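One letter stands for each residue in the lines below.
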Number of protein chains: 2
Amino acid sequence: MAALQARLPMRNPVPLQPAPTIETASVIRRVKAGETIYFEGDAATCCYRVVTGFAKEYSILEDGKRQVLDFYGIGEMFGISQSESHLHTAEAITDCTLRCFQRDAWLHAVTASPDLSQKFMNTLMTRLHRSRERLTMLGRMSATARMALFLMRLAEEQNSEQDVRFPMSRQDIGDHLGLTIETVCRILTDMKRRGIITGSTARLFSIPDMDALGLLAHGDASI
Amino acid sequence: MAALQARLPMRNPVPLQPAPTIETASVIRRVKAGETIYFEGDAATCCYRVVTGFAKEYSILEDGKRQVLDFYGIGEMFGISQSESHLHTAEAITDCTLRCFQRDAWLHAVTASPDLSQKFMNTLMTRLHRSRERLTMLGRMSATARMALFLMRLAEEQNSEQDVRFPMSRQDIGDHLGLTIETVCRILTDMKRRGIITGSTARLFSIPDMDALGLLAHGDASI
DNA sequence: CGTTGCTTTGATCGCGATCAACCTAGGTGG
DNA sequence: CCACCTAGGTTGATCGCGATCAAAGCAACG
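As recorded in an unreviewed UniProt entry, chain A goes by the name Transcriptional regulator, listed as coming from Aquisalinus flavus.

Here it is as C-alpha cells:
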C-alpha cells in the first residue's frame, strides 16, 4: 500500500473484475527495457495498458531532436487515437508487461457501453489536462521551475516524498522538459546543494523540503 | 465558400439538423471581443460551442506570464473537462456568439448516445493530438520554426494561402508559442523580407512561398 | 488632430545550449 | 577477484538565441 507503482516482476495485485469480453479477448505482450513497442506510422491495430513496468511515448523531428510526450505507469492506457496509424513512437523504459487490445474491438466496446465510454472520456480529458500543464511548463516556465514541478508530479504519482524513483534516464527527462541533459544535471545538482532534494543514487531521490520545491516551481528563484 | 471562418455578425449558415433534446435545451450567449467567458476556478456549470467568432483559452502563472493553450473557431466545443470547475480562463478574441450547454445534461446526453460519445471521443483525441504537436513545438523547435508551423496551421484551417487572417493579437501569438511579442514581430518581418509571406495589414497575410515556409518549420534556417 | 492601444525596430543582457572533458557504476572476461 | 570496458551521469567553459529594456511608428477612434 505504501509502494504504489511498485514496479517490477510482481503480478498485478488488483484482481480483475468479472471480465467483460474485451478483457478476455486481450493478450499479454512482454517487452524488454529500451525496446520499441510501436513506431510512428505503424498501423494502429493494437492499443495497450501497462500491467507492469514503465513506458514513454515520443516524437522525433527531422534533425533528430526528440520530444517525450508522456510517460505511462501501471494501469495507464496508451496507443489509442483518432488515427488508424500510430502518431508517435512508444518505447519501454523498464521491462514491461502490456495488455494489448484490438483497436477496433476496443473502440467498439467502449462506444457501446455507457460505463466504459464515460471512463474513457475521463481518461482523455485528464490526459488533455496533463498535456496542457506541460504546455504551460514548456512555454512559460524557467528550466528550474519545470524541473521542480516535474519532481513534484513524480512524487505525487509515487505517493511519497521519500525514495522517489526516476524510472527514466536524464536524457528522457530532458526530452520531456525541453532541456538538455546537461541542464537537467546542473539543476538537480544545484537542488541537492541547496538541500531541497537528496539523492543517494542517480535514479533515486528524496524531497526533504517540499515547500522550497514548490516555491521553485512557482518561479521564486531565491531561497 | 472561399471565406470559411468568415467571422462576424452573420447568422450561422448551416441549418441545424432535427434537434436532439440537448440542442434544444441550449441557450445562446453573446460576448464582446476581449470579454472573459469564464475564469479559471469558476464552477463549470456550462460548456460552449462557437457559433460565430473566435475565442481562446489560457492559463496565467503567479508572475503574470500567460500561456494560450488553444484557439477555438466556428463549430468548436470548449469548456468541458473532468473537473467540476474550469481549469483555465476563456476569453473572446472577436465578438462571439456561443451556444451554451448545461455541463451535467450535456455529459449525460453524450454518455447515453453511442453516436455522440463516439464524436466526442474523436474530438478529445484530436485535441490531445493538437496539444501534443504544440508540446513538440514548444519543447524542441526554434522560434522561427514554431512561427512557420503556426502560420501553416492557420492557413490550413482557413483553407487558403491567400488573405489568411490573424484573428488574434501579436501578444496572443507570443503567449501561444512561448515567445515574446517582439520576437513574433521580428520573425514575421524577416519572413516578409525574404518573400516567404506578404502582409498588407498586421492582421492579414498571404503565403506566396509555402514550400519555403515548410522548410522553415522543419528547421532549415537557410534559404 | 490628439489620444490610445497595438505593432515594429533597435540595443543589450542572460539563460540555457553547445562543445569538451571527466567521473562513476555496473557488467564482462581473464 | 581484479582490470578493463562502456554507458550514463556530472562538471566546466563558451556561445548564441530569444528575452528584456527602450523608443518610435501607425491605425482606429473620439
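Student: Help me understand the pattern of salt bridges, please; the structure alone is not making it clear to me.
Tutor: When the charged atoms of two side chains lie near each other, side chains of opposite charge can form a pair. Scanning the entire structure with this criterion turns up 36 salt bridges over all chains. Measuring nitrogen to oxygen at the nearest pair gives 3.4 Å for the salt bridge that ties B:Asp104 to B:Arg103. Bridged by salt links that share partners, the residues A:Glu57, A:Asp70, A:Glu76, A:Arg127, A:Arg130, A:Arg134 and B:Arg132 form one connected network.

Student: Got a minute to help me understand helix H4 (residues 143-157) of chain A in this structure?
Tutor: The periodicity of an α-helix, 3.6 residues per turn, causes residues three or four positions apart to be oriented the same way. If you check H4(A), its first and last C-alpha atoms are 21 Å apart, about what 15 residues at 1.5 Å a residue would give, namely 21 Å. Turning to H4(A), its buried residues number three or more, namely A:Ala145, A:Arg146, A:Met147, A:Ala148, A:Leu149, A:Phe150, A:Leu151, A:Met152, A:Leu154 and A:Ala155.

Student: Before we go on, may I ask you to explain the sheet that holds strand E10 (residues 198-201) of chain A in this structure?
Tutor: Two strands in a sheet stick together by hydrogen bonds in their backbones, pointing the same way (parallel) or opposite ways (antiparallel). Residue and element names in this part refer to chain A. Ordered in space as E9-E11-E10, the three strands form an open sheet in which the pairing is antiparallel. Looking at the sheet topology across the chains shown, the edges are occupied by strand E9 (164-165) and E10. Both E10 and strand E11 (residues 204-206) contribute to a ladder of two bridges, which runs antiparallel. Residue Thr201 lies in a different strand from E11, and its bridge partner there is Leu204.

Student: Help me understand the protein's contact with DNA strand D, please; the structure alone is not making it clear to me.
Tutor: In the region of DNA strand D, 16 residues are neighbours, and A:Arg170, A:Arg186, A:Thr189, A:Arg203 and B:Thr183 sit closest. Each atom of DNA strand D within 4 Å of the protein was classed as base or backbone; sugar and phosphate made up 66%. Here a phosphate oxygen of DNA strand D and a backbone polar atom of B:Gly178 are 3.3 Å apart. Of all the elements, helix H6 (residues 181-193) of chain A adds the most residues to the surface near DNA strand D, at four residues. A breakdown of the residues in the surface near DNA strand D according to their chemical character gives four nonpolar, six polar and six charged.

Here is what the cut-offs are and how they apply
- Residues numbered from 1 in each chain as written.
- Chains lettered and ligands numbered in written order.
- Predicted model: local features only at pLDDT ≥ 70, side-chain atom pairs only at ≥ 80, totals over all residues.
- Heavy atoms only, no water.
- Salt bridge = Lys/Arg side-chain N within 4 Å of Asp/Glu carboxyl O.
- Helix = DSSP H or I, 4+ residues; strand = E, 2+ residues; numbered from the N terminus.
- Expected span 1.5 Å × (residues − 1).
- Buried < 20%, exposed > 50% of the residue type's maximum accessible area, 1.4 Å probe, protein only.
- Pairing = 2+ DSSP bridges.
- Near = heavy atom within 4 Å.
- Polar contact = N/O pair within 3.5 Å; in protein donor to acceptor, adjacent residues only side chain to side chain.
- Nonpolar A, V, L, I, M, F, W, Y, C, P; charged D, E, K, R; others polar.

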